[in-house]
Amino acid sequence: MSDGPAAQSPWQTVTITGIEKRTPRVTSFFLQPSRPFAYRAGQHVDVRLTAPDGYQARRSYSIASAPEAGETIELAIERLDDGEVSPFFHDIAAVGDEVELRGPLGGHFVWSDSDGGPLLLVGGGSGVVPLMAMIRHRAARKSTVPAALVFSARIWEEVIFRDELIGLDDRRDGFDLVLALTRELARRPTDYSRRVDTAMMEQSMLRLPAPARFAFVCGSNAFVSAAAQALIDAGVPAGLIRTERYGV
Amino acid sequence: MVTRGFFSGRKPPTDADERIPPGQYLEQGFPVLSAGPTPHVRTEDWSFTLKHGPRPIKKWNWTEFNALPLTKMTRDIHCVTAWTKFDTAWQGVLVDDILADAGIEPPTAFTLALSFDGYTTNVPTQDLTAGKAMVALLYEGKPITPDHGAPARLLVPHLYFWKSAKWLNGLQFTERDEPGFWELRGYHIYGDPWREQRYTGDS
Ligand SMILES: Cc1cc2nc3c(=O)[nH]c(=O)nc-3n(C[C@H](O)[C@H](O)[C@H](O)COP(=O)(O)OP(=O)(O)OC[C@H]3O[C@@H](n4cnc5c(N)ncnc54)[C@H](O)[C@@H]3O)c2cc1C
């Protein structure tokens with residue numbers, strides 16, 4: 001994995017070119033940069049909003065699109081009802097609006113097909129977003145690197161990118177989807193109706209033909225702590241596990 | 001550029017303005033960020049080593065380290081993910097007191113902080129001395145929790161908080177300014193929040 005310093009990346013204006021509701025609480029925003037940039041699967045951008053009085057709010061959002069997807073980048077943003085920036089996107093932002101963006105950022109939580117695998121991805125809620133970029137990158141490259149995604153959501157309706165993920169799973173090209181629904185019964189025979197735990201990690205690893213070479217875990221802090229510990233207890237060396245925590 | 005339809009919602013009280021560096025917002029909680037799983041370091045297994053390059057100068061175990069003078073520091077902290085938290089209260093051993101116990105003056109102008117999980121971060125030596133930084137053992141009067149770097153973390157409150165390495169197990173003096181973990185991955189070599197030195201290339 002290359003870890004060279006990111007090039008200088010100042011703020012730029014991006015235009016919202018598309019808005020697509022993914023789940024009741026998560027919506028995708030497609031952004032066209034004024035200065036298009038290359039990025040790696042797993043990286044994030046910072047978004048900045050400015051009020052008329054000069055007050056600014058900035059937040060980080062992972063890129064959901066694959067690096068191969070062209071100039072437009074996709075962000076998938078979960079609405080936190082009492083938040084500041086995510087409700088702006090859900091309630092106010094419209095196609096044609098401009099916001100400021102800086103990136104790509106982050107050089108640790110990244111994967112490309114040339115890094116190889118097997119790849120074990122563990123996401124909770126909107127934590128699936130950077131993992132989706134990796135899965136889309138793998139598909140775009142027609143990579144056969146074995147990969148498993150364990151994706152925890154509360155209910156079936158809240159599985160972000162559900163149809164696309166199931167479609168990729170159905171290809172049987174080395175990508176395996178495992179859903180862990182925490183508040184509803186599983187619908188597919190391979191899925192679980194509980195929170196991620198050590199046994200689930202052990203079983204998910206058996207879907208890979210060889211021990212994982214990379215494990216990526218992303219979500220809220222509580223989710224990442226629990227999932228990373230479950231991976232360690234299932235025998236994954238701590239040094240292979242990379243985490244991205246969305247904060248509180 | 002003014003964003004259409006975005007208005008100041010959570011503007012901090014004006015007397016707080018001068019305490020919030022550019023691009024930061026006020027946070028009441030204490031978010032956790034790290035590059036990997038949380039190491040669980042037992043105090044029996046903990047030690048702290050002062051090094052000059054590869055050469056150890058002095059090593060303390062947990063009991064020895066706790067016998068050093070303890071100092072209180074209450075400071076605002078600033079995370080590069082844009083939150084600022086006011087008045088965080090820490091207790092620990094000033095880097096000055098560690099150097100005094102080792103009986104040395106700083107041998108070089110640069111330091112790398114070393115952690116149990118292999119994390120490193122670089123800080124100029126003069127940003128660690130003269131009461132500016134400590135190895136913190138307590139937060140709000142209680143032992144630091146594993147998520148926040150137990151049992152000991154560096155505290156360099158005037159720089160972005162990734163410089164305050166968690167799960168600290170040593171300080172290494174280096175001849176040159178050697179980029180650490182995040183500094184090699186696109187983050188600023190110095191990280192002054194007041195100059196918004198977030199990423200490589202920020203002046
Ligand atoms: C590297 C990275 C990547 C990320 N990627 C994504 C992504 O792909 N998708 C995604 O949806 N999110 C992502 N996040 C999280 C995102 O950056 C924001 O934290 C999230 O959208 C919430 O922002 P907000 O402004 O809506 O809420 P905030 O205003 O930040 O509030 C968040 C929560 O904290 C509470 N809170 C915070 N401050 C206060 C206050 N002063 N008073 C009262 N309550 C407060 C609120 O109750 C709220 O529920 C990512 C974070 C990181 C660090």
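Owing to the predicted nature of the structure, the values given are computational and were not obtained by experimental measurement. (Residues numbered from 1 in each chain as written. Chains lettered and ligands numbered in written order. Predicted model: local features only at pLDDT ≥ 70, side-chain atom pairs only at ≥ 80, totals over all residues. Heavy atoms only, no water.)

### A few points about the overall build of chain A
Argument step 1. Looking only at helices and strands, chain A features five helices and 11 strands.
Argument step 2. When the backbone C-alpha atoms are referred to their principal axes, chain A occupies close to 55 × 40 × 30 Å.
Argument step 3. Out of the 248 residues belonging to chain A, those deemed buried represent 59%.
Argument step 4. The contacts of chain A with a sequence gap of at least 6 include a subset with a gap of at least 24, amounting to 70%. (Helix = DSSP H or I, 4+ residues; strand = E, 2+ residues; numbered from the N terminus. Buried < 20%, exposed > 50% of the residue type's maximum accessible area, 1.4 Å probe, protein only. Contact = heavy atoms within 4.5 Å.)

### Details of the side chain of D202 of chain B
Argument step 1. Among the structural elements, D202 of chain B can be located in the segment after β11 (168-174).
Argument step 2. A polar atom in the side chain of D202 of chain B sits 2.9 Å from the backbone nitrogen of R198 of chain B.
Argument step 3. A polar contact of 2.8 Å, which involves the side chain of D202 of chain B, links it to the backbone nitrogen of Y199 of chain B.
Argument step 4. Filtering out sequence-adjacent residues up to four positions away, D202 of chain B remains in contact with R102 of chain A together with H188, E196 and Q197 of chain B. (Polar contact = N/O pair within 3.5 Å; in protein donor to acceptor, adjacent residues only side chain to side chain.)

### With respect to the domain arrangement of chain A
Residue and element names in this part refer to chain A.
Argument step 1. You can read the domains of chain A as domain 1 (12-105) and domain 2 (113-245).
Argument step 2. Here domain 1 and domain 2 have C-alpha centroids that lie 24 Å from each other.
Argument step 3. On the domain 2 side, the residues contacting the 19 residues of domain 1 number 17 residues.
Argument step 4. Here domain 1 meets domain 2 over a buried area of about 1,400 Å², counting both sides, of which 60% is carbon and sulfur.
Argument step 5. Interface area lost by domain 1 to domain 2 is led by R25, A64 and E68, which between them contribute 27%. (Domains from an automatic or database assignment. Buried area = accessible area lost by both parts, 1.4 Å probe.)

### Description of the interface of chain A and chain B
Argument step 1. Each side of the interface is counted separately: chain A has 46 residues, and chain B has 38 residues.
Argument step 2. Between chain A and chain B, roughly 3,500 Å² of surface is buried when both sides are summed, and carbon and sulfur atoms account for 52% of that area.
Argument step 3. When residues of chain A are sorted by the area they lose upon contact with chain B, Y55, R58 and R245 of chain A head the list and together hold 18% of the total.
Argument step 4. For the pair chain A and chain B, the interface holds three salt bridges. (Salt bridge = Lys/Arg side-chain N within 4 Å of Asp/Glu carboxyl O.)

### Re the packing of aromatic side chains
Argument step 1. In this structure the tally under the stated criterion is 26 aromatic pairs over all chains.
Argument step 2. Ring geometry for W60 of chain B and F65 of chain B: centres 6.3 Å apart, planes at 85°, overall edge-to-face. Take W60 of chain B and F65 of chain B: they sit in the same class, and that class is buried.
Argument step 3. Ring-pair connections join several aromatic residues into one group, and the members of that group are Y119, Y160, W162, F181, W182, Y187 and Y199 of chain B.
Argument step 4. For R59 of chain A, the ring lying beneath its charged end belongs to Y25 of chain B, and the centroid distance is 4.0 Å.
Argument step 5. Above the ring of F161 of chain A, the side-chain terminus of R136 of chain A is found at 4.8 Å from the ring centroid. (Phe/Tyr/Trp six-rings, centres within 6.5 Å; stacked < 30°, edge-to-face > 60°. Lys NZ or Arg CZ within 6 Å of the ring centre and 35° of its normal.)

### Concerning helix α5 (residues 221-233) of chain A
Every α-helical turn comprises 3.6 residues, leaving residues that sit three or four positions apart pointing alike.
All names here are of chain A.
Argument step 1. End to end, α5 covers 18 Å across 13 residues, agreeing with the expected 18 Å (1.5 Å per residue, within 8%).
Argument step 2. Turning to α5, its buried residues are N221, F223, V224, A227, A228, A230 and L231.
Argument step 3. On its buried face, α5 sits against β7 (119-124), β8 (147-153), α4 (198-206), β10 (214-219) and β11 (241-245).
Argument step 4. Directly beyond the C-terminal end of α5, a positive phi value near 100° is found at G235. (Expected span 1.5 Å × (residues − 1).)

### Observations regarding the packing of α4 of chain A against α5 of chain A
Residue and element names in this part refer to chain A.
Argument step 1. Two elements in contact, α4 and α5, have axes separated by 8 Å at closest approach and are oriented at 60°. Judged by the angle between their axes, α4 and α5 are oblique. As α4 packs across α5, the resulting crossing turns out to be right-handed. Residues T198, M201 and E202 of α4 touch α5, and the partners they reach there are A230, L231 and D233.
Argument step 2. Taken together, the residues that form the contact of α4 with α5 break down as three nonpolar, one polar and two charged. (Axes fitted to C-alpha atoms, helices over the stretch in contact; angles between N-to-C directions. Parallel < 35°, antiparallel > 145°, perpendicular 65-115°, else oblique. Left-handed = near helix turned anticlockwise from the far one by under 90°. Nonpolar A, V, L, I, M, F, W, Y, C, P; charged D, E, K, R; others polar.)

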